[in-house]
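So you can see what is in the structure, the chains are spelled out below.
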Amino acid sequence: MARDSIPLHVVPPGEPGLSGNAPPLLRELLERVRRLLDDGESSAIDLSALPLTPADLAWLRDKLGTGEIAVTLHAHGESTLNETGCPGIWWVTHRNEQGAVMSQFIEAAFVPELVKAHPRDVLTGQEYLESMISGC
Amino acid sequence: MQGSLIDTLARQGVTRRAFLKYCATLASMMALPPAAGRAMAEAMAAAKRPSVIWLPFQECTGCTESITRSHSPTIEGMIFDMISLDYQETLMAAAGHQAEAARLDAMQDNAGKYLLIVDGSVPLGLDGAYSCIGGRSNVEMLKEAAQGAAAIVAVGTCAAFGGIPKANPNPTGAVPVSDIVKDRPIVNIPGCPPIPVVMTGVLAHYLTFGSLPELDDKKRPKSFFGETIHDRCYRRPFYDQGKFARTFDDEGARQGWCLFELGCKGPVTHNACATVKWNGGTSWPVESGHGCLGCSEPDFWDGGGFYKALSVPADPLKFVAASSVVGAGVGAAVGFANRASKNAARSAHETTTLADLEK
């Protein structure tokens, strides 16, 4: 029996609206971008650790806007690492195989760490290429 | 399985990025700063496999089921494979004398360094004769194994607080691990069963930092047990609005209103079900329409009935926090109404009848 056929409809209790916790994050991001430019230090804000309502998150996304790059990672569920309208600020969402959001971050970085290939993995790639060439 | 964790994961089809993503989420769940995810990934990827001895005492194997079974192979399960599980009755191939020899070997080879996991309570009645393995009582084995352990992880409510074997009138004289071992660091991971990721979180913390995570006054990891189910419940706004389901099939239940009056123990239960959920994040008890049983708290079995609204104050569960629950007058009134019958039942240890389950 499909779950939809059970006559139970949970009514969401109504959007709690803006909590006022989102605007200070813009200042925090400014500080992190400054550190990125001055020392090259990348950092992240864990959004699930903050008391943000869905409306707050929507407000924040709207304010930060959409940038030019959108990265999708397919690894044990889909993750998106999207540049915002402010270059150097990335909105990172990790989902599990069922599509549920597991964690969400805003990263201040030139390129999010996760996007870069690890030298060890590049080495594996090199070996693979070599094996293909020798097999020709 | 030799080599570093990351190589072993790679052989099982888990890429480095999948592992990094998992560690970022794990760090987030454990309330560690975002940078810790990376540190965790680096440390765990290179970690040597610690020897783990798992002693099962008065238990139902539900804890093992919770941790080892999932619908698809999870990274949790794989990390669990990464430890050198040198003794686990249910999972090991060896039996009888061979199994016991494996336990003794592991204890000798890794003296002072192994992690000891215990599930199940320890019976002290009749000199511990109620539960024996290979002719030796649980209490004797626990004392022996604890001596060489770097730390002890008490998995499940039985090992942490005595659980169901300790329920009134406690015929076997069951006690939790912490009543017997006093000179070793102990982490309690209660729950009936406990949430698998809490187990992995503690292991990951131990592998990364070489220490146990910060604990609350009941020796539970604060990052997972710091808040109550009620604090993080998605039905909380209905409680605040005074909207309660009064039976399991009324309009309120259909609308997904608060289950407080149907006996939900969420307000006095510290656990992470509301945020981590169960079955790969599919759902959790309250989301599927049933109140929280309070299984991660001491003596939850004697809490006065799963379907009785919390009394105020919730005496058997001994929580100060209960006083803050009185917010809605309705809830308080129901609580008081149930209190007399609950006290009577507790003192007489009456058998629960169907009538008790009805409100």
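Thresholds, definitions, all that
Residues numbered from 1 in each chain as written. Chains lettered and ligands numbered in written order. Predicted model: local features only at pLDDT ≥ 70, side-chain atom pairs only at ≥ 80, totals over all residues. Helix = DSSP H or I, 4+ residues; strand = E, 2+ residues; numbered from the N terminus. Buried ≥ 20, exposed ≤ 12 C-beta atoms within 10 Å, placed from the backbone. Contact = placed C-beta atoms within 7 Å. Pairing = 2+ DSSP bridges. Domains from an automatic or database assignment. Nonpolar A, V, L, I, M, F, W, Y, C, P; charged D, E, K, R; others polar. Core = buried A, V, L, I, M, F, W, Y, C linked by C-beta atoms within 7 Å. Axes fitted to C-alpha atoms, helices over the stretch in contact; angles between N-to-C directions. Parallel < 35°, antiparallel > 145°, perpendicular 65-115°, else oblique. Left-handed = near helix turned anticlockwise from the far one by under 90°. Expected span 1.5 Å × (residues − 1).

*Asks:* I tried to follow the overall build of chain B on my own but got confused; where do I start?
*Replies:* Helix and strand content of chain B: 16 helices and nine strands. Expressed as a percentage of the 359 residues in chain B, the buried residues total 48%. Taking all contacts inside chain B whose residues are at least 6 apart in sequence as the whole, residues at least 24 apart take part in 69%.

*Asks:* Help me understand the overall build of chain A, please; the structure alone is not making it clear to me.
*Replies:* The secondary structure content of chain A amounts to three helices and five strands. Helices and strands appear in chain A in the N-to-C order α-β-α-β-β-β-β-α. The 136 residues of chain A split such that 24% are buried. Taking all contacts inside chain A whose residues are at least 6 apart in sequence as the whole, residues at least 24 apart take part in 47%.

*Asks:* Is there a simple way to explain the pairing of strand β1 (residues 51-56) of chain B in this structure?
*Replies:* It is a general feature of regular strands that their side chains alternate between the two faces of the sheet. Residue and element names in this part refer to chain B. Burial analysis of β1 places six of its six residues in the buried class, which makes it a mostly covered element. Alternating residues of β1 divide into S51, I53 and L55 and V52, W54 and P56, and every residue in both groups is buried. Note: β1 against strand β2 (residues 84-88), four bridges, orientation parallel. Paired with I53 across the two strands is Y87, which belongs to β2. Relative to strand β3 (residues 114-119), β1 runs parallel, the two sharing five bridges. Paired with V52 across the two strands is L115, which belongs to β3.

*Asks:* It is not clear to me how the domain arrangement of chain B should be interpreted in this structure. Could you clarify?
*Replies:* Interfaces are often described in size by the accessible area the parts lose on coming together. Residues and elements named next belong to chain B. According to the domain assignment, chain B consists of domain 1 (5-225) and domain 2 (229-357). Mapped onto the side of domain 1 that touches domain 2, the elements with two or more residues apiece are α8 (156-161), α9 (196-209) and α10 (222-225). Residue composition of the side of domain 1 that touches domain 2, by class: 12 nonpolar, five polar and one charged.

*Asks:* Would you mind showing me how to read the interface of chain B and chain A here?
*Replies:* With 24 residues of chain B at the interface, the matching set in chain A holds 25 residues. Contributions of two or more residues to the side of chain B that touches chain A are made by α2 (16-29) and α12 (236-240) of chain B. Per-element tally for the side of chain B that touches chain A: the top contributor is α2(B), with nine residues. The residue inventory of the side of chain B that touches chain A, partitioned by class, reads nine nonpolar, 10 polar and five charged.

*Asks:* Looking at this structure, how should I read the nonpolar core?
*Replies:* Residues and elements named next belong to chain B. Residues C23, I53, L116, V118, L142, I152 and A154 are the most contacted members of the largest nonpolar core, which totals 106 residues. Both domain 1 (5-225) and domain 2 (229-357) contribute no fewer than three residues apiece to this core. Leaving out residues up to four positions away in the same chain, C23 has contacts with G37, M40, A41 and M44.

*Asks:* How do you make sense of the packing of α2(B) against helix α3 (residues 35-46) of chain B when you look at a structure like this?
*Replies:* Helix-helix packing is described using two parameters, namely the angle between the two axes and the distance between the axes. Residues and elements named next belong to chain B. Look at α2 against α3: their axes get within 8 Å of each other, and the N-to-C directions meet at 125°. Between α2 and α3, the interaxial angle falls into the category oblique. Judged by the sense of rotation from one axis to the other, the crossing of α2 with α3 is right-handed. Facing F19, L20, C23, A24, L26 and A27 of α2, the residues of α3 in contact are A36, G37, M40, A41 and M44. The class makeup of the residues in the contact of α2 with α3 is 10 nonpolar, one polar and no charged.

*Asks:* Help me out: how do you make sense of α2(B) in this one?
*Replies:* Because the α-helix completes a turn every 3.6 residues, residues three or four places apart line up on one side. All names here are of chain B. Over its 14 residues, α2 extends 20 Å from the first C-alpha to the last, a length consistent with the 20 Å expected when each residue adds 1.5 Å. Among the 14 residues that make up α2, 12 are buried, leaving the element largely enclosed by the rest of the structure. By the burial criterion, the buried members of α2 are R17, F19, L20, K21, Y22, C23, A24, T25, L26, A27, S28 and M29. Where α2 ends, the next residue or the one after it, A31, has phi of about 60°, a positive value.

*Asks:* Is there a simple way to explain the sheet that holds strand β1 (residues 43-46) of chain A in this structure?
*Replies:* Paired through backbone hydrogen bonds, the strands of a sheet run either parallel or antiparallel to each other. Taken in spatial order, the five strands make up an open sheet running β1-β5-β4-β3-β2 (chain A), and their pairing is antiparallel. Both edges of this open sheet fall to β1 and β2 (70-74) of chain A, since each of them pairs with a single strand only. Between one strand and the next, the sheet's axes are offset by a mean angle of 20°, whatever the strand orientation. In the sheet, β1(A) pairs with strand β5 (residues 101-108) of chain A via four bridges, with the strands oriented antiparallel. Among the inter-strand pairings, A:A44 is bridged to a residue of β5(A), identified as A:E107. Strands β1, β4 (89-95) and β5 of chain A of the sheet are contacted by helix α1 (residues 23-39) of chain A, whose axis makes an angle of about 55° with β5(A). Along the sheet, α2(B) makes contact with β1, β2, β3 (78-83), β4 and β5 of chain A, crossing β5(A) at roughly 95°.

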